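Reading the structure
Next come the chains, spelled out residue by residue.
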Amino acid sequence: RCAGRVEIFHNKKWGTVCDDNWDLLDAEVVCRQLDCGQALSAPGGAQFGRGDGIIWMDETNCTGMENTLSDCLGRPWGINNCYHGEDAGVVCSGDKVLLPPMKGLGALSISLPVAGSAVSSFAPVRLVDGPGRCAGRVEVFHNDKWGTVCDDNWDFTDAKVVCRQLDCG
């Protein structure tokens, strides 16, 4: 299930989101951004475990219509009055298969502690050798390298996810 602690990748570092002002509208943006269906709940209080490191977002205030969590209003990046006992989470309606954590820019993930690691539903993607920013061959960043994506079972639904992830409509 698409559920867990919300983490966002900013300035080359993963960080958590504080639960101050965290609500179903904020969770709705996360679930949509990750293609995980609709938000069912927006648990706070580190219900999915405490993160570590920086807390990137606080006083997040989404309208529910934003394309990405980073589009929502809130305190400036990294400015907060929180501790990891206040990490925000989401429970979405989707049953997406989760992938190992990846490095990326502007990335968002849902993370859960699992056997000493974390799971993430985000893999950084890019389009290359196309006529513009929103067309080209799909590549995924994994193990500090970019690689191509095989077209076996690739369809319009997959393409829509990539387009949304790259803010290409």
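The notes below deal with the structure included here. All residue numbers here refer to positions counted from 1 along the written sequence of the relevant chain. Only residues with pLDDT of 70 or above have their local features reported here, since the model is predicted, and side-chain atom pairs are shown and tallied only from 80 upward, although totals for entire chains, interfaces and linings are computed over all residues. Side-chain measures here rest on the full set of heavy atoms in the structure, leaving out hydrogens and waters.

It is worth spelling out the pairing of strand β2 (residues 13–17) at this point. Along a regular strand, successive side chains alternate from one face of the sheet to the other. Pairing geometry for strand β1 (residues 3–10) and β2, over four bridges, is antiparallel. In the sheet register, F9 faces β2, and the bridge partner there is W14. Any two strands with at least two DSSP bridges between them are considered paired. A run of DSSP states H or I qualifies as a helix once it reaches four residues; a run of E qualifies as a strand once it reaches two. Both are numbered from the N-terminal end. Following β1, the chain reverses through two residues before pairing antiparallel with β2; N11 in that reversal takes a positive phi of roughly 55°. Where β2 meets strand β4 (residues 55–57), two bridges bridge the pair, whose relative direction is parallel.

On to the state of the cysteines, then. Put simply, a disulfide is two cysteine sulfurs that come within 2.5 Å. The final tally for this structure, using the stated rule, is three disulfides. Across the disulfide from C18 sits C82; the S-S distance is 2.0 Å. Torsion about the S-S bond of the C18 and C82 cystine: about -90°, corresponding to left-handed handedness. Here C18 is found in the loop between β2 and α1 (24–33), whereas its partner C82 is found in the loop between β4 and β5 (89–92), with 64 residues between them in sequence. Accessibility classification places C18 together with C82 in one group, the buried group. There is a disulfide in this structure between C31 and C92, and the S-S distance comes to 1.9 Å. Across the S-S bond linking C31 and C92, the dihedral sits near -80°, which makes this disulfide left-handed. Between buried and exposed lies partly exposed: a residue is buried under 20% and exposed over 50% of the maximum accessible area for its type, with that area taken using a 1.4 Å probe on protein chains only.

Before going further, it helps to examine the nonpolar core. By size, the foremost hydrophobic cluster in this structure holds 20 residues, and its most contacted members are V6, V17, W22, V30, L69 and V90. Among the elements of the structure, β1, α1, β4 and β5 are those that each provide at least two residues to this core. The leading source of residues in this core is α1, at four residues. In contact with W22, other than residues within four places in its own chain, are V6, V17, A27, V30, A42, P43, T60, L69, A88, G89 and V90. We call a set of buried Ala, Val, Leu, Ile, Met, Phe, Trp, Tyr and Cys residues a nonpolar core when their side-chain atoms join them within 4.5 Å. The contact rule is simple, with two residues in contact once any of their heavy atoms fall within 4.5 Å.

Any carboxyl oxygen of Asp or Glu that lies within 4 Å of a side-chain nitrogen of Lys or Arg is treated as forming a salt bridge with it. Enumeration over the complete set of coordinates arrives at two salt bridges. As a salt-bridge pair, E7 and R5 come within 2.8 Å of each other at their nearest N and O atoms. Neither residue differs from the other here; E7 and R5 are each classed as buried. Taking the shortest distance from any N to any O, the salt bridge between R75 and D58 comes out at 3.8 Å. Placement of the pair is R75 in the loop between β4 and β5 and D58 in the loop between β4 and β5, with a sequence separation of 17 residues. By relative accessible area, which is 35% here, R75 ends up partly exposed. For D58, a relative accessible area of 0% translates into the label buried.

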